[in-house]
Amino acid sequence: MPVTVVIENRGRRISDVTTMVSIRQGDEYSDNIFPNQYARVVDLPQDATLRFQFTVFAASDLHPLEVSLVKDSRPLFRQSFDLRRAMVEKPVLMVASHKISRIFMSSFLGHYAQASVLPEYLPDQWYGYQGVSKMILSAGVMSRLTQTQYKALKDWVQNGGTLIVSGDINTRVFFQDRIKDLLDGIRVTGIFKTDQLSGMSEFLGISDTATGEFWMNRLQSGGARVLAAEQDQPVLLLKKIGDGSLVFVSIDIHQPDFLRWEGIRDFWLKILNIPGPE
């Protein structure tokens, strides 16, 4: 599961501090309890706030999660968290991007428990996606992943996960091997501009109130199901990947005019509830 640790240092600078996240695992009945520990050495500048992300394997919620700061084997801070209280009934939506904004994340309020992750901190094992129902990422993220991160992501999708991939006006990212492999036949052949979202609005069952400029990728569907089109061009595709599914949105979902669109919440509510392909 993804764990985010935020450290605020209100005092003097401290160097070589170990940030440690640990959780006990195992079976009490067989007296086989052992700790899983994750650590990162950091510098804490004066009056600074730092944010770190860990991928923690938690086989159960029986034991608390412990976060500590250690300097020269001396604990500076330690706090435990009851995982049972932290667990949520809402499905978890993970968003991986360097362009995450409050406006974007507010689109999901009330529907999903949200976890925003910088791409370089995505899990490198399949179990890092434990509890994640759906994931949104930009196509350009793929080139920043390690091979083990990419394999973990693909394994998660093939085993039943739903991955939503955002378009990019930099079409060169779609010529990279990983994104071509993941899109599985869907091809990006260029870009086009539209000043309305009539096809998207029809798919949502709402009136087209979009204003502005919307740059979209020109696509070849590659056998994927076309859910919406603009100017006779497919812009929203659904494809089965193993036991999971991939949704390709040809617009860069972080475009300002798209974020200001009145239908943005209806869009995400519909996208996140698309049933997988037969």
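Figured I'd write up the structure that's included with this text.

Quick notes on the rules
- Residues numbered from 1 in each chain as written.
- Predicted model: local features only at pLDDT ≥ 70, side-chain atom pairs only at ≥ 80, totals over all residues.
- Heavy atoms only, no water.
- Helix = DSSP H or I, 4+ residues; strand = E, 2+ residues; numbered from the N terminus.
- Buried < 20%, exposed > 50% of the residue type's maximum accessible area, 1.4 Å probe, protein only.
- Contact = heavy atoms within 4.5 Å.
- Areas by Shrake-Rupley, 256 points an atom, 1.4 Å probe, with all protein chains shown as cover.
- Core = buried A, V, L, I, M, F, W, Y, C linked by side-chain atoms within 4.5 Å.
- Arc of directions from axis to C-beta.
- Patch = residues over 30% accessible without salt bridge, like charges linked within 9 Å, V, L, I, M, F, W, Y side chains within 5 Å.
- Salt bridge = Lys/Arg side-chain N within 4 Å of Asp/Glu carboxyl O.

**Examining the overall build of the chain**
Part 1: The helix and strand tally for the chain stands at seven helices and 15 strands.
Part 2: Residue burial in the chain is summarised as follows: out of 278 residues, 47% are buried.
Part 3: When contacts within the chain are restricted to residue pairs at least 6 apart in sequence, long-range pairs at least 24 apart make up 63% of them.
Part 4: When the accessible area of the chain is evaluated, it comes to approximately 14,500 Å², of which 47% is carbon and sulfur surface.

**Remarks on the nonpolar core**
Part 1: Formed by 35 residues in total, the largest nonpolar core has its most connected members in Tyr129, Met135, Leu153, Leu163, Leu246 and Phe248.
Part 2: Contributing elements (two or more residues each) for this core: strand S7 (92-96), strand S8 (113-117), strand S9 (132-138), helix H3 (147-158), strand S10 (162-166), helix H4 (177-183), strand S14 (233-241) and strand S15 (244-249).
Part 3: Here this core takes five residues from H3, the largest share from any one element.
Part 4: Counting residues in hydrophobic clusters, the runner-up holds 30 residues, among them Tyr112, Met216, Val235 and Trp261.

**Examining helix H7 (residues 264-271)**
Part 1: The complete set of buried residues in H7 reads Ile264, Phe267, Trp268 and Ile271. The buried side chains of H7 occupy one side of the element, clustering within an arc of 90° when seen end-on.

**Thoughts on unusual backbone geometry**
Both trends apply: most residues other than glycine have a negative phi, and most peptide bonds are in trans.
Part 1: Phi is positive for Asp47, close to 55°, though the residue is something other than glycine.
Part 2: Relative to the helices and strands, Asp47 is located in the loop between strand S3 (32-44) and strand S4 (48-55).
Part 3: With phi around 50°, Asp184 is a residue other than glycine that occupies positive phi space.
Part 4: Along the polypeptide, Asp184 turns up in the loop between H4 and strand S11 (187-194).

**A few points about the side chain of Ser22**
Part 1: Within the element layout of this structure, Ser22 appears in strand S2 (residues 14-27).
Part 2: Apart from the residues within four sequence positions on either side, Ser22 is in contact with Asn36, Gln37, Pro64, Leu65 and Glu66.

**Points about a nonpolar patch on the surface**
Part 1: Taken together, the side chains of Ile169, Ile191 and Trp215 present a nonpolar region at the surface, about 260 Å² in accessible area.
Part 2: Looking at where Ile191 falls in the secondary structure, it is placed in strand S11.

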